[in-house]
Amino acid sequence: MAKESFTDLQREVLAPGLCTTCGTCIGACPVGCLAYDAAQEQPALAGECTSCGICSAVCPGKDIPLAALEEKLFGRRRSPAEEHLGVYNDILQGFATDPELRTQGASGGAVTALLLHALESGQIEAAVVADMDPERPWRSKAVLARTPEEIIRAAKSKYVLCPNNMALAEAEPGERLALVGLPCHVHGIRKMQDHAGADKLGTQVVLVLGLYCGCNSSYRATEHVLADNTDIALDDIAVFEYRGGPEAQDTRVVTKDGTELIIPNAVRSFSTLAMSHDRCRMCCDWTAELADLSLGDIFDPRVPGVWRKVPDWNSFLVRNQAGADLLAGARRAGVLELSPLSEESFYGNIGFELKKHAAIFNYLTRRERGWPAPIYDMEFTWRARRKRVYDLPEE
Ligand SMILES: Cc1cc2nc3c(=O)[nH]c(=O)nc-3n(C[C@H](O)[C@H](O)[C@H](O)COP(=O)(O)OP(=O)(O)OC[C@H]3O[C@@H](n4cnc5c(N)ncnc54)[C@H](O)[C@@H]3O)c2cc1C
Ligand code: SF4
Ligand code: SF4
Ligand code: SF4
């Protein structure tokens, strides 16, 4: 049977709208013939395809063998109680002990603190992260960060699609890497690690830090927010932070003449959520269920405001020994503060609603009607979970 080529990826993933913009195909292509089409936010052919079939095999746009990979990675499939969070051994809350990393991080700065610890202790030599594009600072850029400065510069969440996994193409042979990514990036790296032909590069990734992801949007949604709420011309933007301002919660824009503008988080997120990427609305993994360690926010109904997010705290789902060892080492080094957190706290998180109710409902409806939808090897339900949230952290 003829091996698949980029034309197959185009027909089966790009044309039906199943591309997640994870960048895995670009990072894995052994001849480097794929480029990122930043306007369309998807891969494009930029050289001669040798029909090796790797891009189709590692692509998580259409096929996500969650259950099979879970079994391979964790030695078991999720229990019925783990239906919505995936396999985990421990649930914790905490934050980076460095006050600057903590307050400047999207949540408690734990991702950046863990990457710095892994780099400084020699566990990794580089990390795949998402930074802002210096030429178009409201858009993202996949970066292979080799220095603490590059890791720190990439802190904070970018609520915009980013092809993180394409940065794998920049890795030197044998270089030990961490990968920070949303669930779709994590699916891509796990498929690479599982595929002969891409597993050599895949297994250079020794740490997979997954972020919870409720939803994501095109840069075009950001441009719409700017046009709807400001008079700023895109060419005048010098700095753009989705999570900026005094407490790293609001969207902060600085123009080339130094004028600073804050767009409240509620204004930015209502618009970007409303204009979310179509593929994200059928994505059923919320907490990066195949990561070594998953990290997100904590939401609590007693926190005032629209979102009820607890500022400067992370929640953690520890899924395997690599995740547990990384956390234990960071705690011993005094880099992180950690304490227990209960599972109930997860069900008040906006991402839980967006993924485990809305996206699953949408995905099942699409499957029922025969519309394009990804293929998962497990059944999903969008059953209700009682929202009891007791875990307001005490300091
Ligand atoms: C699109 C998106 C949706 C999210 N949805 C939820 C949710 O529903 N519920 C929840 O609890 N948490 C959600 N999070 C996770 C949360 O916002 C924080 O990223 C997470 O808690 C880690 O915080 P931190 O302070 O430890 O990270 P930091 O120390 O600030 O580091 C953030 C890291 O995230 C990476 N990153 C930032 N943006 C992206 C991106 N677009 N794609 C890939 N990598 C990126 C950066 O490379 C950086 O290394 C979401 C994040 C994103 C980007
Ligand atoms: S990975 Fe292989 S099939 Fe895909 S574009 Fe590159 S050469 Fe072609
Ligand atoms: S590997 Fe990722 S970026 Fe490439 S086509 Fe598939 S989903 Fe899109
Ligand atoms: S919703 Fe899913 S597909 Fe969209 S960015 Fe998040 S993890 Fe990727």
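First things first, this report covers the structure right here in the doc. It should be emphasised that the depicted structure is a prediction, and the values quoted were computed from it without experimental measurement. (Residues numbered from 1 in each chain as written. Chains lettered and ligands numbered in written order. Predicted model: local features only at pLDDT ≥ 70, side-chain atom pairs only at ≥ 80, totals over all residues.)

### Quick look at the overall build of the chain
Cut-off, in case you're wondering: The numbering of helices and of strands both runs from the N terminus, where a helix is a DSSP run of H or I of at least 4 residues and a strand a run of E of at least 2. Atoms counted for the radius of gyration: C-alpha only. Globule rule: 2.2 Å times the number of residues to the power 0.38. Residues are called buried when their C-beta atom has 20 or more other C-beta atoms within 10 Å, exposed when it has 12 or fewer, and partly exposed otherwise; all C-beta atoms are positioned from the backbone.
Of the regular secondary structure elements, the chain holds 13 helices and 15 strands. Taking 395 residues into account, the globule formula puts the C-alpha radius of gyration at 21 Å, and the chain, at 20 Å, falls close to it. In terms of principal-axis extent, the alpha carbons of the chain reach across some 60 × 50 × 50 Å. Buried residues in the chain amount to 48% of all 395 residues.

### A closer look at the site of ligand 3
Rules: The criterion for a residue being near a molecule or strand is a backbone-placed C-beta atom within 6 Å of that molecule or strand. Polar here means any residue outside two lists: the nonpolar Ala, Val, Leu, Ile, Met, Phe, Trp, Tyr, Cys and Pro, and the charged Asp, Glu, Lys and Arg; Gly therefore counts as polar.
Around ligand 3 lies a shell of 16 residues, among which Cys19, Cys22, Cys25, Cys59 and Gly61 are the nearest. Broken down by secondary-structure element, the contributors of at least two residues to the shell around ligand 3 are helix H1 (6–14), helix H2 (24–28) and strand E2 (42–45). Broken down by class, the residue content of the shell around ligand 3 amounts to nine nonpolar, seven polar and no charged.

### Some thoughts on the sheet that holds strand E9 (residues 237–244)
In plain terms, the rule: Strands are labelled as partners when DSSP assigns at least two bridges between them. Here the axes come from fitting lines to C-alpha atoms, over the contacting stretch only for helices, and the angles between their N-to-C directions go from 0 to 180 degrees.
Judged by pairing direction, the sheet is antiparallel, and its three strands sit side by side in the order E9-E10-E11 without closing on themselves. Bordering the open sheet on either side are E9 and strand E11 (260–263), each of which pairs with just one other strand. Taken over all neighbouring pairs, the strand axes of this sheet differ in orientation by 15° on average, direction set aside. Here four bridges tie strand E10 (residues 250–255) to E11, and the two strands are oriented antiparallel to one another. When the bridges of E11 are listed, Val253 appears paired with Leu261.

### Describing the packing of helix H6 (residues 110–120) against helix H12 (residues 321–332)
Put simply, the rule is: For classification purposes, an angle smaller than 35 degrees is called roughly parallel, one larger than 145 roughly antiparallel, one from 65 to 115 roughly perpendicular, and anything else oblique. Our contact criterion uses C-beta atoms placed from the backbone: two residues qualify when those atoms are within 7 Å.
Relative orientation of the contacting elements H6 and H12 amounts to 85°, with a least axis distance of 10 Å. Judged on the interaxial angle alone, H12 and H6 are roughly perpendicular. Contacts from Ala113, Leu114, His117 and Ala118 in H6 reach Leu326, Gly329 and Ala330 in H12. Its residues placed into classes, the contact of H6 with H12 shows five nonpolar, two polar and no charged.

### A short note on the packing of helix H10 (residues 219–229) against helix H11 (residues 265–274)
What counts here: The handedness criterion is simple: a crossing whose near helix is rotated anticlockwise from the far helix by less than a right angle is left-handed, and one whose near helix is rotated clockwise is right-handed.
At their nearest, the axes of H10 and H11 sit 9 Å apart, and the two run at 130° to each other. Relative to H11, the element H10 lies oblique. For the crossing formed where H10 meets H11, the hand is right-handed. The residues of H11 that touch H10, namely those facing Ala221, Thr222, His224, Val225, Asp228 and Asn229, are Val267, Arg268, Ser271 and Thr272. Its residues assigned to classes, the contact of H10 with H11 comprises three nonpolar, five polar and two charged.

### Observations regarding H6
Judged by how many residues are buried, H6 sits mostly within the fold: ten of eleven residues are covered. Ala110, Val111, Thr112, Ala113, Leu114, Leu115, Leu116, His117, Ala118 and Leu119 are the residues of H6 that are buried. Of the residues trailing H6, Gly122 is marked for its positive phi of about 80°.

### Examining the nonpolar core
Rule in force here: Linking buried Ala, Val, Leu, Ile, Met, Phe, Trp, Tyr and Cys residues through C-beta atoms within 7 Å yields a set, and such a set is a nonpolar core.
Grouped together as the largest cluster of nonpolar side chains are 98 residues, with contacts concentrated most on Cys55, Ala127, Val128, Ala178 and Leu209. Sequence-distant contacts of Cys55, that is, excluding residues within four places in its chain, are made with Phe6, Leu9, Cys25, Ala28, Cys29 and Leu34. Counting eight residues, the second largest nonpolar core, distinct from the first, contains Ala221, Leu226, Val253 and Ile263.

### Let's talk about the sheet that holds strand E14 (residues 336–340)
Spatially, the eight strands line up as an open sheet ordered E6-E5-E7-E8-E12-E13-E4-E14, and their pairing is mixed. At either end of the open sheet lies a strand with only one pairing partner, and these are strand E6 (136–145) and E14. Direction aside, neighbouring strands of the sheet carry axes that sit 25° apart on average. Sheet topology note: the strand E4 (residues 90–96)/E14 ladder contains five bridges and is antiparallel. Within E14, the position partnered with Ala96 by the bridge is Leu336. Contacts from H6 reach E4, strand E5 (126–133), strand E7 (177–181), strand E8 (205–211), strand E12 (293–296), strand E13 (314–318) and E14 within the one sheet, and its direction differs from that of E4 by about 85°.

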